[in-house]
Structures are given as structure tokens and as C-alpha cells.
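# Notes for the structure review
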Amino acid sequence: MKTTRLNIRYLVMNKYIALLIPSILFWNVNKSVAQETNLKKEVQVVKPYEPSISDAYKINLQPKIEDTIKVNPNFNYSIIQRPINTYFQPNPISAARMLPEPLKDLQRGLIKIGIGNRSLPLFEAYYTSPRNKEFSYGAWVNANNNIGKVKLANNSKVDAQSNVTNMGLQGKRMFADKILSGNITYNRNHYLYYGYDTDNATVTPTSDKQTTNNLNANLGFQSTYKDSSRLNYFINTNFGHLSDKYDMQETKIKGYGGVNKYLKNEQFGSEISLTQYLRNNQFFLQNNTIFTLSPWIKFFGKQWRVQAGVNITYDANDVTNNTYFFPKAHFSYDIVSNYIVPYVELNGYLTENSYSELLRTNPWLNPGSNGWNTANKLILTGGIKGKFSAKITYDVQASYSIIDSMAFFQNISIDATNPLLNRFGLVFDNMEQTKIQGELSIAPSRKVNMLFHAEYFSYKTETLEHPWNLPDYTAFFRINYNLFGRIFANANVFMVGNRWVQGINGNAPKKLSSYADINLGLDYSYNGRLFVFLNLNNLTSSNYQQWYLYPVQGFNIQIGASYRL
């Protein structure tokens with residue numbers, strides 16, 4: 001009630017004050033007007049004054065209850081377990097059986113027969129055993145006879161007949177965690193020494209021939225443990241015997257083996273080999289013994305690989321003994337999921353310049369040529385490999401090599417009275433080699449695949465004027481195309497750069513021009529087993545010299561059929 005009375009008084013007082021203020025203002029105005037007798041003013045009242053009182057705001061305070069007594073509820077409970085008996089019996093379901101995908105039928109063999117304008121009947125036959133988990137065996141034979149004449153630099157045509165026959169047997173026995181394998185092969189090569197020095201009009205061409213027979217046998221035993229904690233090993237033996245028309249004989253006996261084992265992220269291993277070359281004394285050739293021990297270790301990471309080791313090689317012949325320590329190291333790092341993989345390698349090894357190996361390189365090597373093994377003392381390689389996509393892969397690398405006793409071929413004559421210069425002897429020199437190599441593989445679909453490989457070389461010899469018969473570049477291109485599943489086409493292009501050959505008869509060294517050999521092949525499938533083929537070789541009919549004074553045959557064609565058993 002007290003508060004109410006104060007509010008009423010407050011309102012009455014405000015009302016009197018509001019009425020008093022205009023009276024005072026009006027009195028002052030009249031007084032001023034009276035004082036200014038000479039002043040005349042007009043006052044226009046638009047609206048009478050209306051006094052107002054502003055709203056009152058109450059203080060809003062909510063009451064609070066402060067309770068000092070707190071109660072924490074505590075109670076116990078328990079669950080009475082009672083089993084519920086059910087009477088539902090599910091029907092048993094039989095186990096599902098996954099049927100494996102049917103295996104494709106193995107084609108047991110192949111027979112191929114053909115003929116051409118520069119070849120006698122071409123014959124090839126292959127046979128393999130049916131699919132078996134315990135053993136496999138097979139056999140093959142092929143014969144290719146080339147006939148026809150070759151035009152030399154003086155436009156004379158000479159007979160360039162050659163014939164190659166290969167046959168062999170192979171077998172393999174598979175155990176639970178081991179494999180026993182072996183093979184035996186026989187190779188016979190027959191060819192003519194048809195080249196000669198066409199610049200010397202006094203020489204008389206001959207029909208000298210060379211025939212070589214090479215028998216090889218291999219026997220090996222290896223473990224195939226899948227458990228990485230087991231020690232895996234392999235043991236192999238090799239026997240080879242070569243003889244030729246001039247009673248040159250060479251026998252090779254080799255045994256080699258190795259072990260390796262994983263230990264967490266490391267793999268340890270070593271290889272060992274012993275090779276013995278026995279040669280007849282008719283040409284005063286040297287026997288040769290080679291022993292090699294190669295321990296190594298590999299480390300693995302998610303993106304990197306490291307290998308370190310050494311090749312210890314002992315090379316002994318009738319003249320001298322040498323011991324080599326060749327490095328063996330590799331490092332690679334996968335930067336982007338196999339798209340970019342840079343790598344560095346350090347390597348070295350001994351190249352065995354046996355008579356049989358040299359004949360594979362140059363079949364016109366003079367019988368009884370004696371030589372040394374080549375020591376590749378240091379090969380430093382760096383490169384990048386990977387893929388641009390799932391269908392395009394690449395490999396680019398550069399290497400630098402230090403090589404001792406490199407074997408070079410040069411033309412020689414075995415008859416001073418008739419210097420044909422159509423045989424090749426050996427000269428040896430130390431050299432440095434720089435190589436840049438690139439490879440690109442493209443497979444846009446199952447029907448098309450392409451491969452391009454190129455190498456560029458730079459040489460620095462120690463005593464020879466040039467690296468005889470070595471090209472400054474080589475390149476190879478291949479494309480395969482499958483049209484409608486019936487027509488299979490392939491094209492191959494071989495390119496070889498310039499080569500230096502030693503001058504003959506006191507002449508200056510000569511540079512052989514580069515060349516390209518283009519070949520095209522077509523196969524038509526009649527019913528999936530019977531095929532008809534057509535081969536077009538040396539399409540440009542290039543008369544390039546494979547070796548100095550030995551040009552190749554020009555354009556030639558082969559046609560035939562093959563049947564898959």
C-alpha cells in the first residue's frame with residue numbers, strides 16, 4: 001500500500017508541473033512583448049499542447065529457493081534368469097561347391113612346312129606332353145636351308161648356300177617341393193666362305209665350306225619351398241662338345257649352383273660355378289678354367305630395393321692367371337606406384353670367349369682362333385623405368401663401362417698367294433664404352449602390341465684406331481596385330497648404324513654404311529588349328545653387308561602352312 005501511495009503522489013505532481021510549465025512560458029512571452037512596445041509579431045498555434053508521461057519499468061526479480069539438503073538415491077536390483085525352451089529344428093544346408101574354371105586344352109604339338117624363292121623346304125616340328133602335375137616332356141626339330149646367289153661389290157654373283165638344323169629333347173619331374181629337369185640338344189651349321197676382296201682382281205674365289213656340330217646336355221635340380229623361412233637351392237651341370245670340318249674340337253664341362261634364404265626384410269644368397277674348357281692341340285689353343293663365387297644380400301622396403309654383393313672370378317689358362325673382384329649392386333625406388341622408378345646399378349662380369357660362343361657371333365671366324373676372355377671390370381648404369389598407363393611401359397638408361405681384352409673381328413687371309421681376306425681373326429684391346437638405351441612397349445588392346453628398342457654407343461679404344469665392326473647405334477621395332485581373330489600380322493624392322501672396318505691391302509679404314517632390314521609376316525587361321533603363313537623378308541632388297549665382304553641376300557619370300565596337334 002505504501003508503494004501505491006507514492007506512485008499516486010508522483011503522478012499528481014507530474015500533472016501540476018506539466019500545467020505550470022506552459023503558464024510560465026506564456027507569462028514570459030507576454031512580459032517580453034510588453035517590454036518591446038514597438039515589436040509586432042503574430043503567433044499561429046497549429047495544435048494544442050498535449051503532455052505525456054513515459055512508461056514505467058518494473059524491476060523483475062524472480063525468487064530463488066536455496067535448499068541445503070541433498071538426497072542421493074541408492075537402490076539394488078537383480079535379474080532372475082529363466083531359460084526359454086524352443087522346439088524349432090533348422091534343416092541342414094549342404095556345403096557350396098566352387099567349380100574351377102575349365103582349363104584350356106593344351107595343344108600337343110606343331111608341324112610347319114614352307115618353301116621360298118631363296119630357301120629349300122622349311123620344316124619345323126614340336127611336341128609336348130599333356131598336362132600333368134608330376135612330369136612333362138617334349139621334343140623338337142627344325143631345319144632351314146637357304147639357297148641362291150648373292151651379288152658382291154663387283155656385281156659378280158656367288159653361291160651363298162647355308163643350312164641350319166636343330167633338334168632336342170627335354171624333360172621335367174615335379175615333386176612336392178623340388179624339380180628335376182634336363183635337356184639335350186644338337187645343332188648343325190653348314191655355310192660357305194662366299195665373300196672375298198673384290199678390289200683385288202688377282203684373287204681366285206674358292207668354294208671353301210665350314211660345318212660345325214654342337215652337342216649340349218644339361219641336368220638340374222632345384223627346391224621350390226614356398227615358406228620364406230626355408231633355404232632354397234639349385235644345382236646344375238652342363239656338358240658341351242663342338243667340332244668342325246677342320247678338326248677343331250672344344251669340350252665344355254660346367255657345374256654351378258646357389259642358395260638363398262629370406263630373413264625378415266632381407267634375403268641372403270650366393271652362387272658358385274666352375275667351368276673347364278678343353279681344346280685340342282692341333283691349333284695350339286689354350287685350355288681354360290674359370291671359377292666364380294658371388295655372395296650377395298638384398299634389402300626390401302615398401303618402395304625401395306637394395307642389393308649388394310661381389311663377383312669373385314678366377315680365370316686361368318695356359319699362359320696367365322687373373323683374379324677379378326667385380327662389384328654387384330643395385331638400388332631402385334618406386335616414387336609413384338610403378339609409374340616412375342629410378343634405379344642405379346653397379347656391375348661387372350667375365351665374358352667367356354669360347355670358340356662356340358664366337359661362332360654364334362660371327363660364323364666366318366677362322367678355325368683355331370685363339371683369344372682371351374673379356375673382363376667387364378666396371379659397368380655403371382642409371383635409369384628410369386615405369387609406365388605411363390596400364391598399357392604403356394618404358395625404360396630409359398645410360399651406362400658407362402670399362403672393358404679389358406675386348407674381342408674385335410678383322411678380315412684375314414689364310415693363303416698369302418691367294419689373299420681372299422674372307423676369314424675373320426681376333427684382335428684384343430681395352431676400351432671404354434658409353435651407351436644410352438631406351439625401350440617403349442605399347443599394348444592398346446589385346447589385338448595390338450608394339451615394342452621399340454634403341455641403343456646408341458660411343459667407344460674409346462686404347463690402341464686400335466676404331467672399334468672394328470661395332471655399330472654406333474642399333475634399333476629394333478616390332479608390331480603385332482590380330483584382325484578378327486583369324487588374320488595375324490607382324491612387322492619387324494632392324495636398324496644398324498655405321499661401322500668401321502680395318503683397311504685391307506694397306507688401305508685406310510673403311511666405314512660401312514648403316515642399314516635397315518624390314519620384314520613382314522601374315523598368318524591366316526583356317527579353323528584354329530590349320531594356319532597358312534606368308535613371310536616377306538628384306539622388303540627393300542637392301543644389299544647391306546652383315547660382315548665386311550659378306551653381303552646378305554636381297555628380297556625373299558616364304559609361304560607355307562602349319563598345323564597344331
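As shown above, the structure is provided for reference.
Reference entry: report on the structure contained in this document. (Residues numbered from 1 in each chain as written. Predicted model: local features only at pLDDT ≥ 70, side-chain atom pairs only at ≥ 80, totals over all residues. Heavy atoms only, no water.)

Further remarks concern the overall build of the protein chain. Secondary structure summary: the protein chain contains two helices and 28 strands in total. Taking all 565 residues of the protein chain together, 32% fall into the buried category. Roughly 37,400 Å² of accessible area belongs to the protein chain as shown, and the carbon and sulfur atoms make up 58% of that amount. (Helix = DSSP H or I, 4+ residues; strand = E, 2+ residues; numbered from the N terminus. Buried < 20%, exposed > 50% of the residue type's maximum accessible area, 1.4 Å probe, protein only. Areas by Shrake-Rupley, 256 points an atom, 1.4 Å probe, with all protein chains shown as cover.)

As a further point, take the packing of aromatic side chains. Taken as a whole, this structure holds 17 aromatic pairs when the rule is applied. Their ring planes at 75° and their centres at 5.0 Å tell us that tyrosine 194 and tyrosine 550 sit as a pair that is edge-to-face. Of this pair, tyrosine 194 sits in the loop between strand 7 (178-192) and strand 8 (209-223) while tyrosine 550 sits in strand 27 (residues 550-551), placing them 356 residues apart in sequence. Residues tyrosine 262 and phenylalanine 300 carry aromatic rings whose centres are separated by 6.2 Å and whose planes lie at 35° to one another, so their mutual orientation is tilted. Here the residue tyrosine 262 occupies a position in strand 10 (residues 249-263), and phenylalanine 300 occupies one in strand 12 (residues 288-300), the gap between them amounting to 38 residues. For tyrosine 262, a relative accessible area of 37% puts it in the partly exposed group. Its relative accessible area of 25% is what places phenylalanine 300 among the partly exposed residues. Aromatic ring contacts, followed pair by pair, group Tyr191, Tyr194, Trp364, Phe409, Phe424, Trp547 and Tyr550 into a single cluster. It is lysine 112 that lies over the ring of phenylalanine 533; its NZ or CZ is 4.6 Å from the centre. Between arginine 230 and the ring centre of tyrosine 225, over which it is positioned, the NZ or CZ distance is 3.9 Å. (Phe/Tyr/Trp six-rings, centres within 6.5 Å; stacked < 30°, edge-to-face > 60°. Lys NZ or Arg CZ within 6 Å of the ring centre and 35° of its normal.)

It is worth spelling out the side chain of asparagine 538 at this point. Structurally, the position occupied by asparagine 538 is in the loop between strand 25 (530-537) and strand 26 (545-547). Residue classification places asparagine 538 among the buried positions, given a relative accessible area of 3%. With near-sequence residues (within four places) excluded, asparagine 538 lies in contact with Asp517, Ile518, Asn519, Val552, Gln553, Gly554 and Phe555. (Contact = heavy atoms within 4.5 Å.)

One pass over the full model with this rule turns up five salt bridges. Notably, a salt bridge pairs aspartate 404 with lysine 377, separated by 3.4 Å at the nearest N-O pair. Taken together, the residues span a long stretch of sequence, with aspartate 404 in strand 17 (residues 392-412) and lysine 377 in strand 16 (residues 374-389) at a distance of 27 residues. (Salt bridge = Lys/Arg side-chain N within 4 Å of Asp/Glu carboxyl O.)

Grouped together as the largest cluster of nonpolar side chains are 23 residues, with contacts concentrated most on Tyr194, Trp364, Leu365, Phe409 and Tyr550. Taken together, the elements giving at least two residues each to this core come down to helix 2 (355-361) and strand 18 (423-445). Sort the elements by how many residues they give to this core and helix 2 lands first, with three residues. The contacts of leucine 365, once residues within four sequence positions are left out, are Tyr193, Tyr355, Leu358, Leu359, Phe409, Phe424 and Leu426. Grouped together as the second largest cluster of nonpolar side chains are seven residues, Ile403, Met406, Phe408 and Leu464 included. (Core = buried A, V, L, I, M, F, W, Y, C linked by side-chain atoms within 4.5 Å.)

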